[in-house]
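Structural features, examined
What follows is the residue order along each chain.
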Amino acid sequence: MKKFLALVMAAIMALSLCLTASAETTFEITVWAAEEIKDLTIKQIENFNANSDVKFAATVEAVSEADAATSMITDVEAGADIFCFAQDQFARLLQAGALTQLPADLAEEIKATNDVSAVAAASSGDAMYAYPLTADNGYFMYYDKSVIPEEDVDSLEALIADCEAAQKFFCFEMQSSAWYLASFFFGTGCVSEWVTDGGDFVEVHDTFNSPEGLIAVKGMKKLVDSPYHNSSSAGTNFASGAAIVVSGTWDYETVKGILGDNMGVTDLPSFEVDGVQYHLGSFSGCKLMGVKPQVDKEKADALRQLAQYLTGEECQLQRFEARSWGPSNLNAQANEAVQANPGLVALAAQAPYAHVQGQIHGSWWDIAKVIGDDVKAATDDAGLQLALDNYYNKIAELFTLSDDVKYGWTIIGMYNAADGFFFTDYSDGKSTWTDDLTLVKNDAGLWVTEQPYEIPAGTEFKVRQGLSWDNAFPADNYVVAEGGTYTVQFDEATGEITLIAE
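Below or above, wherever it landed, is the structure these notes cover. Remember, predicted model here, so these are calculated numbers, not experimental data. (Residues numbered from 1 in each chain as written. Predicted model: local features only at pLDDT ≥ 70, side-chain atom pairs only at ≥ 80, totals over all residues. Heavy atoms only, no water.)

**Some words on the side chain of N237**
Stated precisely, the cut-off is as follows: Under the DSSP-based scheme used, a helix requires at least four consecutive residues in state H or I and a strand at least two consecutive residues in state E, with every element numbered from the N terminus. We define a polar contact as two N or O atoms separated by no more than 3.5 Å, with the added condition that, inside protein, one atom must be a possible hydrogen donor and the other a possible acceptor, whereas residues neighbouring each other in sequence contribute only through side-chain atom pairs. By the convention used here, residues are in contact when the closest approach between their heavy atoms is within 4.5 Å.
Structurally, the position occupied by N237 is in the loop between β11 (229-230) and β12 (242-247). Among the polar contacts listed, one links the side chain of N237 to the backbone oxygen of A234, at a separation of 2.8 Å. In contact with N237, other than residues within four places in its own chain, are C171, N230, S232, A242 and V245.

Have a look at this one:
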């Protein structure tokens with residue numbers, strides 16, 4: 001009996017050691033988070049470690065939500081274990097196999113505790129593949145209360161007049177960003193809805209070129225024709241002569257720091273055409289967190305716990321307190337401080353006029369943003385209609401692209417196609433980030449410029465596929481360190497760009 005008991009005790013001790021070893025397993029992981037929340041994310045992971053049997057040795061790297069998807073699909077295996085991304089990148093990541101499906105019970109829990117639109121953005125069919133992180137990716141209006149009377153904030157025409165009278169700028173990205181420019185079209189009921197099949201865009205229902213679209217550009221022209229219009233969304237403009245900036249929650253602390261008690265925050269105004277009022281619309285979206293598929297089931301389970309914690313109520317409120325990020329968690333949304341935040345209040349006021357940003361062809365952003373320049377150049381209604389016709393024709397061409405164009409690679413950036421050179425100085429009025437330089441595939445399977453180019457130091461560019469931003473490298477712009485004459489070489493297998501000196 002003593003021998004039996006000794007064996008039992010030995011077995012219990014061995015099992016205890018195994019359980020202890022298992023409980024103390026530390027996983028080495030990489031996490032990608034935006035620069036502004038990098039330090040906070042490190043602290044949150046440390047707090048998770050202090051209160052959990054699961055431990056992580058985490059390397060947290062600053063990668064923006066806009067760039068994470070491009071980096072992940074280049075090499076999923078080498079990508080981060082946990083990463084944050086903008087909702088419009090969801091389909092690309094899912095197609096690349098970069099997202100782990102959530103178990104059904106966890107998915108149901110997250111659905112019950114988060115904003116319905118954020119849950120939808122993280123789902124494909126009935127399955128969830130990501131964790132809602134925010135529900136605040138939209139825009140509204142900041143204004144200087146010492147310049148803009150409160151009674152004028154609902155009228156675009158009154159706001160333009162106030163800015164002109166005070167010789168202060170009205171900052172709204174009408175000639176540099178389709179994301180903001182679409183607000184006039186959404187305000188008149190226009191849509192641009194894209195249909196995909198197996199990752200390819202096969203159809204679009206776009207009504208920008210319509211009687212309602214013509215109303216939209218008539219309203220837009222009032223703004224872009226003003227000598228005090230500035231096509232920018234940077235909150236820092238308040239420090240250099242702006243009275244109005246259309247931006248989002250990410251600029252709240254910046255604007256508050258500049259304007260202090262003079263900071264006004266509200267939804268977008270209405271504009272008038274032929275005696276009818278149209279409230280400006282907007283895009284809306286969210287940020288999500290993804291977990292990369294793992295071979296090790298134990299590590300996969302641990303990462304799932306960490307992702308759930310990082311996107312839970314506690315961590316969402318910490319991000320709100322630190323950076324004014326709007327929570328997707330319903331309890332966090334009901335928090336008294338969140339409810340009192342002027343930026344989130346304005347976003348909620350704008351919500352009835354907002355369109356959820358779905359999957360959009362990557363070329364659309366370049367095609368649509370040109371409307372602002374065309375509208376400014378127009379001298380009559382015929383010119384405005386021509387702007388819409390040009391837009392519509394370019395949209396239609398996307399579905400007739402040859403395979404050479406669709407699957408080929410080009411350079412876009414500080415390059416002027418008309419003159420065929422790279423440049424760093426915009427003061428001469430040369431276009432930038434609008435012209436593509438075609439690359440050709442050589443015998444080694446690499447994409448290269450057809451000839452060498454003189455490229456100044458400081459020149460920035462990206463390489464993209466199919467004249468679209470869906471696949472563009474590197475995640476941050478490529479910056480030429482030393483000027484010289486180069487052939488540009490691109491390896492689509494690795495996403496690597498090389499300058500070959502002549």
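That covers the picture; the talk isn't over yet.
**Let's talk about the sheet that holds strand β3 (residues 82-86)**
As a reminder of what qualifies: In this scheme, strands are said to pair when DSSP sees at least two bridges between them.
Strand order across the open sheet formed by five strands is β2-β1-β3-β17-β6, with mixed pairing between neighbours. Each of the sheet's edge strands pairs with one partner strand only, and the pair in question is β2 (55-62) and β6 (131-132). In this sheet, β2 lies alongside strand β1 (residues 26-33) in parallel orientation, the contact comprising eight bridges. By the bridge assignment for β2, E28 is matched with A57.

**Structural notes on empty space enclosed by the protein**
Applied cut-off: Think of a 1 Å grid over just the protein atoms. A cavity is a set of points where a 1.4 Å probe fits yet cannot get out, a pocket is an open set with protein on both sides within 12 Å along at least five of seven lines, and lining residues have an atom within 4 Å of a point. Grid points are joined across faces, edges and corners, and a volume is the space filled by probe spheres set on the points.
Per the counting criterion, the structure on display carries two cavities of 30 Å³ or more. Roughly 60 Å³ of internal volume is contained in the largest cavity. Taken together, T100, Q101, L102, Y131, V291, K292, P293, Q294, A300 and R304 make up the lining of the largest cavity. Its volume calculated, the second largest cavity comes out at about 40 Å³.

**Notes on the sheet that holds strand β8 (residues 169-171)**
Strand pairing in a sheet is mediated by backbone hydrogen bonds. Such pairs are either parallel or antiparallel. If you walk across this open sheet you meet the five strands as β11-β8-β12-β7-β13, and the pairing is mixed. In the strand order of this sheet, the two ends are held by β11 and β13 (263-266), each with one partner. In this sheet, β13 lies alongside strand β7 (residues 140-144) in antiparallel orientation, the contact comprising four bridges. Residue pairing in the sheet places Y143 in a bridge with G264 of β13.

**Here we look at the layout of surface pockets**
Applied cut-off: Each residue receives one of three labels: charged for Asp, Glu, Lys and Arg, nonpolar for Ala, Val, Leu, Ile, Met, Phe, Trp, Tyr, Cys and Pro, and polar for the others, Gly being one of them.
Computed from the structure, the second largest pocket encloses a volume of approximately 530 Å³. Around the second largest pocket, the lining is made up of 26 residues, and of these D115, A135, L347, A348 and A351 lie nearest the centre. If you list the elements that add at least two residues to the lining of the second largest pocket, you get α6 (116-121), β16 (282-284), α14 (336-340), α15 (342-350) and β18 (354-356). A per-class count over the lining of the second largest pocket returns 13 nonpolar, 11 polar and two charged.

**Quick look at the pattern of salt bridges**
For clarity, the cut-off: A side-chain nitrogen of Lys or Arg and a carboxyl oxygen of Asp or Glu constitute a salt bridge if their distance falls within 4 Å.
Inspection of the entire model under this criterion finds 12 salt bridges. The closest approach of N and O atoms between K369 and D366, which form a salt bridge, is 3.9 Å. Separated by three residues within a single helix, K369 and D366 lie in helix α16 (residues 364-377), roughly one turn from each other. D366 serves as the salt-bridge partner of R464, at 2.5 Å between the closest nitrogen and oxygen.

**A word on the side chain of T70**
This is how it is decided: Burial here depends on accessible area, computed with a 1.4 Å probe over protein chains only, as a share of the maximum for the residue type. Under 20% is buried, over 50% is exposed, and the range in between is partly exposed.
Relative to the elements of secondary structure, T70 occurs in helix α3 (residues 68-74). Taking the relative accessible area as the measure of exposure, T70 reaches 7% and is therefore buried. Residues in contact with T70, not counting those within four places in the same chain, are R92, A472 and F473.

**Re the packing of helix α9 (residues 211-224) against α16**
In plain terms, the rule: For helices, the axis comes from a line fit to the C-alpha atoms of the stretch in contact; other axes are also lines fit to C-alpha atoms, and the angle between any two N-to-C directions lies between 0 and 180 degrees. Angles below 35 degrees are treated as roughly parallel, those above 145 as roughly antiparallel, those between 65 and 115 as roughly perpendicular, and all remaining angles as oblique.
Two elements in contact, α9 and α16, have axes separated by 9 Å at closest approach and are oriented at 75°. Here α16 runs roughly perpendicular to α9, going by the angle between their axes. Of the residues in α16, those touching α9 at V217, M220, K221 and V224 are I371, G372, V375 and K376. Considering only residue class, the contact of α9 with α16 consists of five nonpolar, one polar and two charged.

**A few points about unusual backbone geometry**
Cis geometry marks the peptide bond from F473 to P474; its omega dihedral reads -10°. Turning to its location among the elements, P474 is positioned in strand β26 (residues 472-479). Backbone geometry places S324, a non-glycine residue, at a positive phi of 65°. Positionally, S324 belongs in the loop between α12 (313-323) and α13 (330-333).

**Observations regarding the pairing of strand β15 (residues 276-279)**
Of the pairings in the sheet, the one linking strand β14 (residues 270-273) to β15 comprises four bridges and is antiparallel in character. The residue bridging V273 from the neighbouring strand is V276, located in β15. What sits between the antiparallel neighbours β14 and β15 is a turn of two residues, in which D274 has the positive phi angle 55°.

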